[in-house]
Amino acid sequence: MSQVEYKELAHLYDLINEEFIAYDLQATYVARLLRAANLRGNRLLDLACATAQHATRLAAAGFAVTGVDLSPALLAQAAARGRARRVQLVCGDIRRLPLLKSFDAAMCLNHTLNYMLGDDLARAFHDIAQRLRPGGLFVFDFFDYGAKDEWIAAWRECAIGDGIRVDMTHRQSIDAAGRVATDVHTYEVRESERVSTHVGEDHLRVTHTEEVLAELVSCGFRVLKAGTKHQLGLEPTTKSVAVLAQAVPRDMRGARWLGCGDGFGSVAK
Ligand SMILES: C[S@@+](CC[C@H](N)C(=O)[O-])C[C@H]1O[C@@H](n2cnc3c(N)ncnc32)[C@H](O)[C@@H]1O
């Protein structure tokens with residue numbers, strides 16, 4: 001969805017996404033991953049938190065969560081659903097984070113980093129590294145477009161609930177340079193007697209795991225784990241990759257990721 005659609009369809013965000021995203025599983029996984037990596041402290045920054053689905057669950061699990069998102073409409077939905085009582089919500093851009101305080105960990109889930117085109121990915125990684133204390137942890141995911149066996153040019157989806165039905169169609173293509181994927185989509189919403197159609201376009205970065213990890217390292221992180229969500233037991237797809245990284249102190253930067261055949265990188269210096 002584009003920002004215009006987030007505004008128009010904010011009230012349907014949870015209905016649509018709960019159909020496709022296993023929020024309980026993902027939040028449990030993040031908590032487990034951070035604790036297994038010996039997280040010190042509990043200040044967690046949820047980047048592109050949308051309606052605070054993960055943030056609320058992680059607050060219930062004992063984290064002090066701050067959620068940041070570009071969409072005021074989605075943040076208003078989070079507040080309307082009572083989630084702002086448990087987490088701090090901030091409207092802002094993850095490429096220019098508005099927060100001054102330091103965090104013990106950060107997360108950015110469900111492919112938001114694919115929206116960072118050109119230099120924006122490095123800008124976001126750099127800004128996130130600045131917001132983490134040395135040794136702070138960062139969990140994120142992205143679509144790896146190198147997984148060509150999972151490339152799908154067109155598909156349909158449907159979400160139904162509360163007397164509402166949303167039919168979605170998507171058409172994806174990649175530009176000639178192989179850098180940007182365009183997803184043209186239509187959302188047809190049937191609410192009571194009303195039918196409305198919303199057409200939008202998303203532009204996603206065509207990423208490859210090695211490239212993302214190299215960028216991460218150049219921005220001040222070292223990679224602790226990287227694997228497809230399938231390997232991590234999070235999703236059946238192999239196209240989506242999850243990463244756990246650690247912010248390194250300035251004088252220790254220059255770490256390199258040593259990839260392992262099983263999809264998990266070992267910590268490297
Ligand atoms: C694919 S959704 C994922 C949201 C959430 N993490 C989840 O799993 O439900 C993408 C989200 O990223 C937000 N977003 C996109 N670009 C952003 C940016 N530059 N800064 C902050 N949020 C952004 C959108 O408003 C939207 O909430």
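These figures come from a predicted structure and were not determined experimentally.

J.: Break down the overall build of the protein chain for me, with residues and values.
T.: Of regular secondary structure, the protein chain possesses 7 helices and 11 strands. Relative to a compact globule of 269 residues, whose C-alpha radius of gyration would be 18 Å, the protein chain shows 18 Å and is just as compact. Its C-alpha atoms put the protein chain at 60 × 45 × 30 Å along the principal axes. For the protein chain, buried positions account for 39% of its 269 residues.

J.: Quick one: what's the story with the pairing of strand β1 (residues 43-47), residue by residue and with numbers?
T.: Where burial is concerned, most of β1 is hidden: 4 out of the 5 residues are buried. Where β1 and strand β2 (residues 64-69) come together, 5 bridges link them in parallel fashion. In the strand pairing of β2, D46 is matched with G67. As a crossover connection, the stretch from β1 through helix α4 (residues 53-60) into β2 is right-handed. Alignment of β1 against strand β4 (residues 103-108), held across 3 bridges, turns out to be parallel. Residue pairing in the sheet places D46 in a bridge with M107 of β4.

J.: Any details on the packing of helix α3 (residues 23-36) against α4? Residues and values, ideally.
T.: To characterise two packed helices, one gives the angle between the axes of the helices and the distance between these axes. The geometry of α3 relative to α4 is characterised by a closest axis approach of 9 Å and an angle of 50 degrees between their N-to-C directions. The angle between α3 and α4 places the two elements in the oblique class. Classified by chirality, the crossing of α4 by α3 is right-handed. When α3 is examined against α4, the residues Y23, D24, Q26, A27, V30 and A31 are found in contact with a partner set consisting of Q53, H54, R57 and L58. Tallied by class, the residues present in the contact of α3 with α4 amount to 5 nonpolar, 3 polar and 2 charged.

J.: Tell me what's going on with α3, and back it up with residues and numbers.
T.: An α-helix turns once per 3.6 residues; consequently, residues spaced three or four apart project the same way. Taking 1.5 Å per residue, 14 residues should reach 20 Å; α3 reaches 20 Å between its end C-alpha atoms and fits that length. The complete set of buried residues in α3 reads Q26, A27, V30, A31 and L34. Each buried residue of α3 lies within a common arc of 135 degrees when the element is viewed along its axis, so the set occupies one face. Within α3, the exposed residues directed more than 90 degrees away from the buried face are D24, L25, R32, R35 and A36. On the buried face of α3, the contacting elements are α4, β4 and β5 (132-143). Phi for N38, located one or two positions after α3, is positive at around 60 degrees.

J.: Account for the sheet that holds strand β3 (residues 88-91), naming residues and giving values.
T.: Pairing is mixed across the open sheet formed by 7 strands, whose spatial order is β3-β2-β1-β4-β5-β11-β10. Edge positions in the open sheet fall to β3 and β10 (221-228), since each of these has one partner strand only. When the angles between neighbouring strand axes are averaged without regard to direction, this sheet yields 15 degrees. Against the sheet, α3 touches β4, β5 and β11 (240-247), its axis set at about 145 degrees to β5.

J.: Talk me through unusual backbone geometry; I want residue IDs and the actual numbers.
T.: Positive phi, normally seen in glycine, also occurs at N38, with a value near 60 degrees. Along the chain, the position of N38 falls in the loop between α3 and β1. With phi around 70 degrees, N110 is a residue other than glycine that occupies positive phi space. Among the structural elements, N110 can be located in the loop between β4 and α6 (120-131).

What counts and what doesn't
Residues numbered from 1 in each chain as written. Predicted model: local features only at pLDDT ≥ 70, side-chain atom pairs only at ≥ 80, totals over all residues. Helix = DSSP H or I, 4+ residues; strand = E, 2+ residues; numbered from the N terminus. Rg over C-alpha atoms; globule rule 2.2 N^0.38 Å. Buried ≥ 20, exposed ≤ 12 C-beta atoms within 10 Å, placed from the backbone. Pairing = 2+ DSSP bridges. Right-handed = clockwise from strand over helix to strand, strands pointing away. Axes fitted to C-alpha atoms, helices over the stretch in contact; angles between N-to-C directions. Parallel < 35°, antiparallel > 145°, perpendicular 65-115°, else oblique. Left-handed = near helix turned anticlockwise from the far one by under 90°. Contact = placed C-beta atoms within 7 Å. Nonpolar A, V, L, I, M, F, W, Y, C, P; charged D, E, K, R; others polar. Expected span 1.5 Å × (residues − 1). Arc of directions from axis to C-beta.

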